[in-house]
Amino acid sequence: MLNFNMSKIVYIHTFGCQMNVHDSEKMLGVLQKEGYSSTDDPCKADLIIFNTCSIRQKAEQKFYTQLGRTKFLKKKKPEMKIAVAGCIAQHEGENIFKKALYVDFVFGPQNIHMLRDLVSERTASIAIEDNHEIAVTDLPVKRGDGVKAWVTIMYGCNNFCSYCIVPYTRGRERSRPTENIYSEVAELAEVGYKEITLLGQNVNSYSSDTDFPGLLKKLDRVGGIERIRFVTSHPKDLSDELIAAMSDLPKVCEHIHLPMQSGSSNILRLMNRGYTYEEYIRKVMRLRAKVPGISITSDIIAGFPGETEDDHLLTIKALKEIEFDGIFAFKFSPRPGTMAAAMVGHLIEVIKSERLSEILKVQDGITTRKNRSLEGTIQEIIIEGDGETDKEKLTGRTRTNKIVNIPKINPETSSGQKGAIINVEITKGRPHSLEGRPVEK
Ligand code: SAH
Ligand code: SF4
Ligand code: F3S
């Protein structure tokens, strides 16, 4: 007998940023309503979705390698559907079908709501329209964690930094109504979530019924939520009001990710970033004066077109002067259709690689030194679960977003459980994490 209620299984492979990870949670939310459950094993799936990233060429290559592998899976199981979503889907559109004939459907980040129709289509289909309604039509979300949750506050980006593909893949900036965000956060608190991270390409330019500091003020009042974080902040829009909100609101954590990109004002101008190095460092100083103990992390691009050795040395000097708590650094990768891809003065790979290694080396020394300076201090952490590498340990994060591994606490006690908020003494500062031991509150 045929069973029409038989549940289907989806495997989602996510590449790229937190926004994509959260989009995958939305895809799962939509599909769950259609009777799907999820798996970690692509061989068991009826539907495979690649949620892709096109920020750098390497990210694209990783996806195409994975996509190639599914060709054989599909040969063995022809009824299996393969979908391509995310930023490559948006940018490439129909070209995906030309590159891989076995792809069944393609949909962009603004078309996740269309998944319920796409899964039932019998012919190859595509959905990459720029959806202006996206900010108000909330999708169901299937979250896994139970302690930390991502909450979208805005979509798209209007900044057109000259190297960046995001404004072309995510469309124009749209802010989600404050009321919708508030209700989502209140619901998360009700089911036990302790920490939220507000997501947007440039949260500082959030503008709806209130501005970003106003939104933080509202969310700070949600009972049950203990910590509020946000990514990403654009330096040009970092206002004194936001700094005051970070300083005054108890739940807003003492951490900001503030991508600098370069220490040379000349390169920053070519990047169309809208600030000089001097303006950037003034904001860093203001943050440090008003929010004691704040940790500041950043993104750096090595080898932008036209970057001279002197420009590069200005970036090295800036790293030493500012002393970030951590950075993500990347070699410049030309993205088709962006301004920078068409600029003169592209550098050869070896120079980009040399500059990147120098940047990473200087920063590693700084990060390790900063982590060591925390030895002996007491920090509050929320336990997130077992350690990544050592299952005999528990792991959590400080308010400043640093990872702390501690010995296992008796899981029968409340402080030994996921979601517990405990104080720890830092016993060791390592290059990428801290070690600690629990102490009385
Ligand atoms: N909206 C965020 C960042 C989005 S992308 C912001 O404005 O800060 C994350 C990081 O990827 C960027 O900060 C930048 O450092 C890096 N990046 C973006 N495009 C790149 C490119 N073409 N080549 C190398 N790095 C890039
Ligand atoms: Fe890209 Fe700049 Fe927008 Fe960030 S602010 S997403 S780097 S264009
Ligand atoms: Fe994110 Fe990559 Fe798109 S960084 S916004 S998934 S290009």
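Quick look at the structure, then. What you are looking at is a predicted structure, and each value in this text was computed from that prediction instead of being measured. Each chain carries its own residue numbering, running from 1 in the direction its sequence is written. The lettering of chains begins at A and the numbering of ligands begins at 1, in the order of writing. Under the rules for a predicted model, residues below a pLDDT of 70 receive no local features and side-chain atom pairs below 80 are neither given nor counted, while totals for whole chains, interfaces and linings still include all residues. Excluding hydrogens and water, the side-chain values take into account all heavy atoms of the structure.

1. Re the overall build of the protein
Filter applied, for reference: Strands are runs of DSSP state E lasting at least 2 residues, helices are runs of H or I lasting at least 4, and numbering of each runs from the N terminus. Think of it in three bands: residues with accessible area under 20% of the maximum for their type are buried, residues over 50% are exposed, and the middle band is partly exposed, with areas taken using a 1.4 Å probe on protein chains only. Every residue pair with non-hydrogen atoms within 4.5 Å of one another is taken to be in contact. Here the open area of atoms and residues is found with the Shrake-Rupley method and a 1.4 Å probe, where only the protein chains shown may cover a residue.
Broken down by element type, the protein carries 13 helices and 19 strands. Referenced to the eigenvectors of the C-alpha coordinate spread, the extents of the protein come out at roughly 65 × 60 × 45 Å. For the protein, the residues scored as buried account for 52% of the 441 residues in total. When contacts within the protein are restricted to residue pairs at least 6 apart in sequence, long-range pairs at least 24 apart make up 71% of them. Accessible surface, the protein: about 20,500 Å² in total, of which carbon and sulfur atoms supply 52%.

2. With respect to the site of ligand 3
What counts is decided by this rule: Near residues are defined by distance, with any heavy atom within 4 Å of the molecule or strand qualifying the residue. Residue polarity follows a fixed list, in which Ala, Val, Leu, Ile, Met, Phe, Trp, Tyr, Cys and Pro are nonpolar, Asp, Glu, Lys and Arg are charged, and the others, Gly among them, are polar.
The immediate surroundings of ligand 3 are formed by Cys17, Asn20, Thr52, Cys53, Ser54, Ile55, Cys87, Val166, Arg170 and Gln201. The class makeup of the residues in the shell around ligand 3 is five nonpolar, four polar and one charged.

3. Here we look at the environment of Ser415
Within the fold, Ser415 resides in the loop between strand E17 (403-407) and strand E18 (421-429). Judged by its relative accessible area of 28%, Ser415 falls in the partly exposed class. Sequence-wise, Ser415 and Ser120 are 295 residues apart; in three dimensions their C-alpha atoms are separated by 47 Å. Sequence-distant contacts of Ser415, that is, excluding residues within four places in its chain, are made with Ile383, Ile409, Ala420 and Ile422.

4. Observations regarding the site of ligand 1
The condition that has to hold: Polar contacts, as used here, are pairs of N or O atoms within 3.5 Å; protein pairs need one atom able to donate a hydrogen and one able to accept it. Residues neighboring in sequence count only if both atoms are side-chain atoms.
Around ligand 1 sit 15 residues in total, of which Gln201, Pro259, Gln261, Asp299 and Ser333 are the nearest. Taking Ser333, its main chain carries an N or O atom lying 2.7 Å from a nitrogen atom of ligand 1. In the complex, 90% of the free accessible area of ligand 1, which totals 540 Å², lies under the protein chains. Where the shell around ligand 1 is concerned, the elements lending two or more residues are strand E13 (295-302) and strand E14 (326-331).

5. Regarding the nonpolar core
The criterion, for reference: By nonpolar core we mean a set of buried residues, namely Ala, Val, Leu, Ile, Met, Phe, Trp, Tyr and Cys, connected to one another through side-chain atoms within 4.5 Å.
Grouped together as the largest cluster of nonpolar side chains are 65 residues, with contacts concentrated most on Leu198, Phe212, Leu216 and Phe230. Examining the composition of this core, we find that five residues originate from one element, helix H11 (residues 277-290), more than from any other. When neighbours within four sequence positions are excluded, Leu198 is seen to be in contact with Val151, Ile153, Val203, Phe212, Leu215, Leu216, Leu219, Ile228, Arg229, Phe230 and Val231. Judged by nonpolar contacts, the second largest core, of 21 residues, contains Phe15, Ile82, Ile96 and Val106.

6. Concerning the pattern of salt bridges
Convention followed: When a carboxyl oxygen of Asp or Glu lies within 4 Å of a side-chain nitrogen of Lys or Arg, that pair is called a salt bridge.
In total, this model carries 27 salt bridges according to the counting rule given. Arg174 is the salt-bridge partner of Asp130, the closest N and O atoms lying 3.3 Å from each other. Of this pair, Asp130 sits in the loop between strand E6 (125-127) and strand E7 (148-152) while Arg174 sits in strand E9 (residues 174-175), placing them 44 residues apart in sequence. On the basis of relative accessible area, Asp130 is assigned to the partly exposed category, the value being 36%. One salt bridge in this structure joins Asp240 and Arg286, with 2.5 Å as the shortest N-O distance. Pair noted here: Asp240 is in helix H9 (residues 240-248) and Arg286 is in helix H11, with a separation of 46 residues, a long-range link. The partly exposed category is assigned to Asp240, whose relative accessible area is 42%. Classification of Arg286 by relative accessible area gives partly exposed; the value is 33%. Sharing partners across several salt bridges, the network here consists of Asp138, Arg143, Arg176 and Glu184.

7. Focus on the pairing of E13
For clarity, the cut-off: For two strands to count as paired, DSSP must find a minimum of two bridges between them.
In terms of burial, E13 is a largely internal element, eight of the eight residues being buried. Because side chains alternate across E13, one face comprises the buried residues Ser295, Thr297, Asp299 and Ile301, and the other comprises Ile296, Ser298, Ile300 and Ala302, equally buried. Strand direction decides the pairing type here: E13 and E14, joined by six bridges, are parallel. Its bridge partner being in E14, Ala302 is matched across the sheet by Lys331.

8. Side note on the environment of Glu309
Along the chain, Glu309 turns up in helix H12 (residues 309-322). Along the chain, Glu309 and Arg355 lie 46 residues apart, while their C-alpha atoms are 8.9 Å from each other.

9. As for the side chain of Lys26
Following the sequence through the fold, Lys26 ends up in helix H1 (residues 18-33). Residue class for Lys26 comes out buried when judged on its relative accessible area of 6%. When residues no more than four places from it in sequence are discounted, the contact partners of Lys26 are Ile112, Leu139, Pro140, Val141, Thr152 and Tyr155.

10. Regarding the sheet that holds strand E11 (residues 227-231)
We count it as follows: To get an axis, fit a line to the C-alpha atoms, keeping to the stretch in contact for a helix; angles then go from 0 to 180 degrees between the N-to-C directions.
Strands sit in the order E7-E10-E11 across an open sheet of three strands; the sheet is parallel. Only two strands of the sheet have a single partner each, and these edge strands are E7 and E11. Adjacent strand axes in the sheet meet at a mean angle of 25°, parallel and antiparallel pairs treated alike. Here strand E10 (residues 195-199) pairs with E11 via five bridges, running parallel. Within E11, the position partnered with Thr197 by the bridge is Arg229.

11. Digging into unusual backbone geometry
It is generally the case that most residues other than glycine have a negative phi and that most peptide bonds are trans. With an omega dihedral of -5°, the bond running from Val231 to Thr232 counts as a cis peptide bond. Within the secondary structure, Thr232 is located in the loop between E11 and H9. Positive phi is not limited to glycine here, since Gln261 has a value of about 75°. If you trace the backbone, Gln261 turns up in the loop between strand E12 (255-257) and helix H10 (265-270).

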